[in-house]
Amino acid sequence: MLDIQLLRSDKEAVIKRLNQRNEDFTERIEAVLTADQKRREVLQKVEQLKMARNQLSKSVGEAKQRGEDVNAILARVEDSKSEIQSLEKEAIHAEETIREILLRIPNMPHLKAPLGTSENDNVEIKTVGNKPVFKFPPKAHWDLAVERDFLDFERAAKISTSRFVIYKNDGARLERALIQFMMDMHADKGYQELMLPYLVNATSMTATGQFPKFKEDAFEVKDDRELYLNPTAEVPGINIYRDEILKGEDLPLKYAAFTTAFRQEAGSAGRDTRGIIRQHQFNKVELLKFSKPEDSYAELDDMLAASEAILIALKLPYRVIELCTGDIGFAMAKTYDIEVYLPAYEDYREIGSISNAEDYQARRGNIRFKRTSDAKPEFVHTLNGSGLAVGRTWIAIVENFQNEDGSITVPDVLVPYLKKTVI
RNA sequence: GGAGGAAUACCCAAGUCUGGCUGAAGGGAUCGGUCUUGAAAACCGACAGGGCGGGAAACCGUCGCGGGGGUUCGAAUCCCUCUUCCUCCGCCA
């Protein structure tokens, strides 16, 4: 959520930055400010009336103790009652208006984020490693893995629906090894390990920015408690400290969480239908940070490095791009995407996304910290990044390290986990 | 699933039946001081935190006793509702 104080004091700058997202926010911002003006006016009146009422009520008690007649005072209080009620209703209404609009306004892109309207304007930061050269026609994972009995799409569809898969044999083992390997790497870098709830409530989804705007992407559980399947560990992870005040000396807090993520992929019908690149259910290792504002961009770079370290260790070719203002996610100010090279697509595909939400999620979730025990609370900055998408890493290994006989050479760092050099 | 009980400030804990100088006794922790060579102990002092609004600021107002709603001139206290935790029984990995 945007800072309404900033809106009041520097409306034009906010609109200018928001509009870099290739959408016009002018009307919505004006509507917020109108409601805000109204709210403050009404609030001042209400509070004045309440002060008078409180004083009179107090004098009722005092008068009664002295045994005096209180009817005259009671009559005076009665007068203000309905006025307080109706004004209060107006204030609440204005507040709801503000909140409803603000919850649907995205974060402002970082001042230095590259300007652009679509993914075509994203900026390549670097390319690492070389694309593989094959002396035979390489196979796509959806062919190769099925032939090797590592994946079974048809029976998964029978059990569940399309966009689900069964991992089998060394295929399943590779997925498990990758999870273990990634978590171990991050633990070595000081990320605390988490295992999080897979069902989250609407309040949590709202704090991180999935709701209200992207509700159709979530799987809702049929239950009167209104729960949703975890769409990314960012949701349960960032919400750990919702409505809390952290100690400045504890920051930054760094977490690594493996979760299985569930997404409707509502807007992607018909896209990436082959293979496991886009599934309703997928495994992901997520990195999370709660940081002081002044440190958050250094922490973002550090997080990017932690994600890259996985690909470097696995010797997979990848590139890093910075998203342009038109492509940055709703809650984020700055985002790097890591893309791994996949022979079947003859292209780089996203395998991780590393973002700084600055104080946007912290405001929505009321996550604060105090620099010292007597300091005013401030909002933390929240960061999250993939470290990495396990299924897509799996694809990258199978496709990039395939041999002519259909076997797959296991990256050295995974050999201790798989206890094999070839699968 | 059944039957009970609880939620008060950083922690513990009174107050709730019987509504009104109780925004909240007391203890612990913490911070500052006295004493001490230093420390401990003892003693003295400080101590909700926070949201919102006004103000240049000092400060003022408002809200606030798990959340939300209600009754009342007035609610920690009465009523409704939700959430969470605990105990016992049943079921269960």
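In every chain, residue numbers begin from 1 and rise along the written sequence. Chains and ligands are labelled sequentially in the order written, the chains with letters from A and the ligands with numbers from 1. Reporting in this predicted model follows two pLDDT cut-offs: at least 70 for local features of residues, and 80 or more for side-chain atom pairs to be given and counted; totals over whole chains, interfaces and linings ignore these cut-offs and use all residues. For the side-chain quantities, the full set of heavy atoms in the structure was used; hydrogens and water were omitted.

Draft legend 1. Looking closely at the protein's contact with RNA strand B. Only heavy atoms are used to decide nearness, and a residue is near a molecule or strand if one of them lies within 4 Å of it. RNA strand B sits among 23 residues. The nearest are Arg8, Arg39, Glu47, Ser57 and Lys64. Counting only atoms of RNA strand B within 4 Å of the protein, the sugar-phosphate share comes to 74%. Counting of polar contacts relies on pairs of N or O atoms within 3.5 Å, with two restrictions inside protein: one atom must be capable of donating a hydrogen and the other of accepting it, and residues adjacent in sequence are counted only when both atoms are side-chain atoms. One of the side-chain N or O atoms of Glu47 is found 2.7 Å from a base nitrogen in RNA strand B. The contact in question runs from a phosphate oxygen of RNA strand B to an N or O atom on the side chain of Lys376, over 3.4 Å. Helix numbering and strand numbering both begin at the N terminus, where a helix is a DSSP run of H or I of at least 4 residues and a strand a DSSP run of E of at least 2. Sorting the residues of the surface near RNA strand B by element identifies helix H3 (26-65), helix H4 (71-103) and strand S14 (367-370) as the ones contributing at least two each. In terms of residues, the surface near RNA strand B owes the most to one element, H3, which gives 13 residues. Ten residues, namely Ala, Val, Leu, Ile, Met, Phe, Trp, Tyr, Cys and Pro, are considered nonpolar, four, namely Asp, Glu, Lys and Arg, are considered charged, and the remaining ones, Gly among them, are considered polar. By residue class, the composition of the surface near RNA strand B is seven nonpolar, four polar and twelve charged.

Draft legend 2. Region of interest: the packing of aromatic side chains. Between 30 and 60 degrees the pair is tilted, below 30 it is stacked and above 60 it is edge-to-face, where a pair is any two Phe, Tyr or Trp rings, Trp via its six-membered ring, whose centres lie within 6.5 Å. Under the criterion given, the structure shown has eleven aromatic pairs. For the ring pair Tyr241 and Phe290, a centre distance of 5.1 Å and an interplane angle of 85° mean the geometry is edge-to-face. In this pair, Tyr241 is assigned in the loop between helix H9 (234-238) and strand S8 (244-247) and Phe290 in strand S10 (residues 281-291), connecting sequence segments 49 residues apart. For the pair Tyr241 and Phe290, a shared accessibility class is recorded, and that class is buried. With a centroid separation of 6.3 Å and an interplanar angle of 80°, the aromatic rings of Tyr255 and Phe290 are classed as edge-to-face. Highlighted residues: Tyr255 in strand S9 (residues 253-262) and Phe290 in strand S10, separated in sequence by 35 residues. Each residue's exposure class comes from its accessible area (1.4 Å probe, protein chains only) as a fraction of the maximum for that residue type: buried when under 20%, exposed when over 50%, partly exposed otherwise. Relative accessible area serves as the criterion here: at 0%, Phe290 is assigned to the buried category. Following the ring pairs from residue to residue traces out a cluster consisting of Phe214, Phe330 and Tyr360. Cation placement over rings: the criterion is NZ of Lys or CZ of Arg within 6 Å of the ring centroid and within 35° of the ring normal. Its end group placed over the ring of Phe211, Lys215 keeps NZ or CZ at 5.7 Å from the ring centre. The cationic tip of Arg349 hangs over the ring face of Tyr345; the distance from NZ or CZ to the ring centre is 4.9 Å.

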